[in-house]
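Spelled out from the first residue to the last, the chains are:
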Amino acid sequence: MTPDALLPVAVLLPLGVATLLLALAHWLPPRLPKVVAILTALAVCGLCAFLARHSLDGPVRHWFAGWTPDATHRPGIVLGIGFQADPASAALAAFCGLLFTASFVFAWGYFDTEHAHFHVLMLLFLAAMVGFCLTRDLFNLFVWFELMSVAAFALTAYPLGRSALEGAFTFTITNALASFLMLAATGLLYARTGTFDFAAMGQAVARTGSDPVLTGGFVLVASALLTKAAILPFHLWLADAHAVAPSPVSVIFSGAMVSLALFGLAKLVAQVFSGDPQVMALVRGLLLWLGLATALVAGLMAFAQRHLKRLLAFSTIAHLGIMLTALAAGTGTATAGLLLYVVGHGLVKGALFMVAGMLLALRQSADEIVLYGQGRGLWAPALAMGVGGLMLGGLPLGLMHGATHWMDVSAAAPAKAVVTLASALTGAAVLRAAARIFLGASGVPGPELLAPTEREREKADRPLWLMAAPALALVLLALAPSRAVMPFLGAAAARLRDPSLPPLTLPEAGFGHLTPLGLTLALLGLALLRRRAMRGVSRGIILVERRSFGALQALHSGLVGDYVTWMAVGLALFALACAGQAAG
């Protein structure tokens, strides 16, 4: 088969396997669905990697039912739905397959009785994410966005406990509103461009220039994708969902799902809206400030958590804010950094959520204070958590280091300072938890003492090596040198905007400076050396600290009505930015 004929197979394979597993679930041997799911995810990973390699010679396209752009005999009119594998899209689809493979291995034996239903939902989730990466049609993007959301809702509620259902309800309401926003945006953009095809829409936008309907369409689709990506103030649902979802599901949520929403936005900006000056002003202005605010606020929130899954969820939000700053920069080098950061961060965060799952299974808790000293002897999760925390905090090795270097090339000094502080806060939070749990080393608890926590556990009779192997494998992959993928990233970043562009020449990442890592270790040291306040001045500082962090915690109320209100605030920010541009 030719590469273009294989393109839809990347989505049809997990969909078809999920259908068969669902139909035969009650007759199959218990272990067979697990093996089939692992092999299917591996096959998707290999197929998408093959397509990524072939797309270096030019984009691989498939038009369903033969409805090519020439079929209408009218230039600029595209009626068919197409898939397109450019290097960036196919590589991220391959990454999704890899992360699902690791999650399926980690989940082996997770449920007592599942009748393959868990694997069916996960394969539907995988198909939706691959389709989201490969489509070149806006309405089709909405369809995959919806399928991704429905599968994620069900997976969050899969344990059927009270907290799981509450988290899934919050997730469902906020992301269903995001779906309405995206559908409305699709209608507005179609009304102005007369097509859903990305390339044809981009040509129509370039001809039209600034237009309030196009700007409104962008605001709605950006708000929908920023909700899925958990960018402030659309982010409040994520920590609640992560804290209660099964650990194998949280691996996918933090490792791939939320980052893919940002990739979808980057793709739309590059291929559809780059010819609209008003939209690009919003991207370089408001989105940059939202990214910096997200990184800083979520970094502080991560440092103030005690429940590992909530801590990691806020860490994910902070790093998504960092990625958004690269998207807002809009340069080819920053785009290359964004693409690599999605992969590097996904590998690290997937491993860390597996560590949280191991502690829930072996020590029946994910609360770092409750787990004080109980992780001694668990060297594999300790190693994964320690190295993962260092990479989040700026370790000058691995994929995240190279990505940060390329994103920093075009960043202003204040933005670099915020990104450094946010990275240090998340890295120090993870390392503080690791020191408490695995070394029994800790000072007096700080603001994390008053943070919310959950009483939960996961199935215990699972071998440690089977849970630890995928986590260590992900950490090892994240430590790979960025130099190895520089030629591919140069082509991927350039051709995300225009398939005809030559590859970028990226600068060597080098060893870099140690400021982020030094700040991470300094924050860790302050946490480990913290002592009980005995004097008036120290007590005053502690009181201010608790009130400040308490105010941030109060915003995350767990009430879905509050979260919807903050989504409205986000839309109002877009409206104010548009009004400011019109007045200027």
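Structure shown above.
Numbering of residues starts from 1 in each chain and follows the order in which that chain's sequence is written. For a predicted model such as this one, the threshold for reporting local features is a pLDDT of at least 70, and the threshold for listing and counting side-chain atom pairs is 80 or more; totals across whole chains, interfaces and linings nevertheless cover every residue. With hydrogens and water set aside, each side-chain value is computed from the structure's full complement of heavy atoms.

(A) Molecular detail of the overall build of the protein. Put simply, DSSP marks the helices as runs of H or I at least four residues long and the strands as runs of E at least two long, and each gets a number from the N terminus on. Secondary structure summary: the protein contains 22 helices and two strands in total. Based on the C-alpha atoms only, the size of the protein along its principal axes is roughly 80 × 65 × 45 Å. Burial status follows relative accessibility: with a 1.4 Å probe on protein chains alone, a residue under 20% of its type maximum counts as buried, one over 50% as exposed, and anything between as partly exposed. Looking at the 584 residues of the protein, the share that counts as buried comes to 58%. Taking all contacts inside the protein whose residues are at least 6 apart in sequence as the whole, residues at least 24 apart take part in 84%. When checking whether two residues touch, look at their non-hydrogen atoms; a contact exists if any pair is within 4.5 Å.

(B) Geometry of the nonpolar core. Working definition of a nonpolar core: buried Ala, Val, Leu, Ile, Met, Phe, Trp, Tyr and Cys residues. They are joined through side-chain atoms within 4.5 Å. Counting 195 residues, the largest nonpolar core has Phe125, Met129, Phe218, Leu226, Met257 and Leu287 as the members making the most contacts within it. By residue number, the principal contributor to this core is helix H14 (residues 332-363), which donates 20 residues. Beyond its immediate chain neighbours, meaning those up to four positions away, Leu226 contacts Ile231, Phe234, Leu262, Leu265, Leu287, Leu290, Leu324 and Phe574.

(C) Geometry of the layout of surface pockets. What the largest pocket holds in volume is close to 510 Å³. Elements with a minimum of two residues in the lining of the largest pocket: helix H3 (32-55), helix H4 (87-106), H14 and helix H19 (486-497). Charged means Asp, Glu, Lys or Arg here, nonpolar means Ala, Val, Leu, Ile, Met, Phe, Trp, Tyr, Cys or Pro, and polar covers whatever is left, Gly included. Classifying every residue of the lining of the largest pocket gives 22 nonpolar, no polar and no charged. Points on a 1 Å grid over protein atoms alone make up a cavity when a 1.4 Å probe fits among them but cannot get out, and a pocket when they form an open set with protein on both sides within 12 Å along at least five of seven lines; lining residues each have an atom within 4 Å of a point. Grid points are joined across faces, edges and corners, and a volume is the space filled by probe spheres set on the points.

(D) Up close: unusual backbone geometry. In this chain, Leu232 is followed by Pro233 through a cis amide linkage whose omega measures 0°. Here Pro233 is to be found in the loop between helix H9 (212-228) and helix H10 (237-244). At Ala230, a residue that is not glycine, the phi angle is positive and equals roughly 60°.

(E) Layout of the packing of helix H15 (residues 379-392) against helix H18 (residues 464-478). Throughout, an axis means a line fitted to C-alpha atoms (over the contacting stretch in the case of helices), and angles, computed between N-to-C directions, take values from 0 to 180 degrees. Look at H15 against H18: their axes get within 9 Å of each other, and the N-to-C directions meet at 25°. Between H15 and H18, the angle is such that the two are roughly parallel. Where H15 crosses over H18, the handedness of that crossing is left-handed. Side by side, H15 and H18 meet where Trp379, Ala380, Pro381, Leu383, Ala384, Val387 and Met391 of the first sit next to Leu464, Ala468, Leu472, Val475 and Ala478 of the second. In the contact of H15 with H18, the residues fall into twelve nonpolar, no polar and no charged. Oblique is the label for any angle not covered by the other classes, which are roughly parallel (under 35 degrees), roughly antiparallel (over 145) and roughly perpendicular (65 to 115). Handedness of a helix crossing follows the sense of rotation of the near helix relative to the far helix, less than a right angle counterclockwise being left-handed and clockwise being right-handed.

(F) The packing of helix H5 (residues 117-134) against helix H6 (residues 138-156), seen in detail. In the contact formed by H5 and H6, the axes pass within 8 Å of each other and the chain directions differ by 155°. As judged from the angle between their axes, H5 and H6 are roughly antiparallel. Every pair of crossing elements has a handedness; the one defined by H5 and H6 is left-handed. Together, Phe118, Leu121, Met122, Leu124, Phe125, Ala127, Ala128, Met129, Gly131 and Phe132 of H5 and Leu141, Trp144, Phe145, Leu147, Met148, Ala151, Ala152, Ala154 and Leu155 of H6 make up the contact between the two elements. The residue makeup of the contact of H5 with H6, split by class, is 18 nonpolar, one polar and no charged.

(G) View of the packing of aromatic side chains. Pairing of aromatic side chains here covers Phe, Tyr and the six-membered ring of Trp, requires ring centres within 6.5 Å, and sorts the geometry by plane angle: under 30 degrees stacked, over 60 edge-to-face, intermediate tilted. Per the counting criterion, the structure on display carries 13 aromatic pairs. With a centroid separation of 6.5 Å and 55° between ring planes, the pair formed by Phe83 and Trp144 is classed as tilted. Residue Phe83 is located in strand E2 (residues 82-85), and its partner Trp144 is located in helix H6; the two are separated by 61 residues in the primary sequence. For the pair Phe83 and Trp144, a shared accessibility class is recorded, and that class is buried. For the pair Phe153 and Phe171, a centre-to-centre distance of 5.0 Å together with 85° between the ring planes defines the contact as edge-to-face.

(H) Local environment of the pattern of salt bridges. What counts as a salt bridge is simple: a side-chain nitrogen of Lys or Arg found within 4 Å of a carboxyl oxygen of Asp or Glu. According to the stated counting rule, one finds eight salt bridges in the structure shown. In this structure, Arg136 engages Asp197 in a salt bridge whose closest nitrogen and oxygen atoms are separated by 2.7 Å. Placement of the pair is Arg136 in the loop between H5 and H6 and Asp197 in the loop between helix H7 (162-193) and helix H8 (198-208), with a sequence separation of 61 residues. The exposure classification of Arg136 matches that of Asp197, with both residues buried. Where Glu508 meets Arg483, a salt bridge forms, and the shortest distance between an N and an O atom there is 3.4 Å.

(I) Molecular detail of H8. The set of residues buried in H8 consists of Phe198, Ala200, Met201, Gly202, Ala204 and Val205. Contact partners of the buried residues in H8: H6, H7, H9 and helix H11 (247-271). Within 3.5 Å is the distance limit for a polar contact, defined as a pair of N or O atoms, with the added protein rule that one can donate a hydrogen and the other accept it, and that residues adjacent in sequence qualify only through two side-chain atoms. For H8, the capping residue at the N-terminal end is Asp197, with a side-chain oxygen 3.3 Å from the backbone nitrogen of Ala199.

(J) Region of interest: the environment of Val272. Within the element layout of this structure, Val272 appears in the loop between H11 and helix H12 (277-303). Look at Val272 and you get buried, because its relative accessible area is 2%. Considering only alpha carbons, one finds Val272 and Gln581, 309 residues apart in sequence, at a separation of 20 Å. When residues no more than four places from it in sequence are discounted, the contact partners of Val272 are Phe198, Met201, Gly202, Val205 and Lys267.

That is the geometry; function is a separate question.
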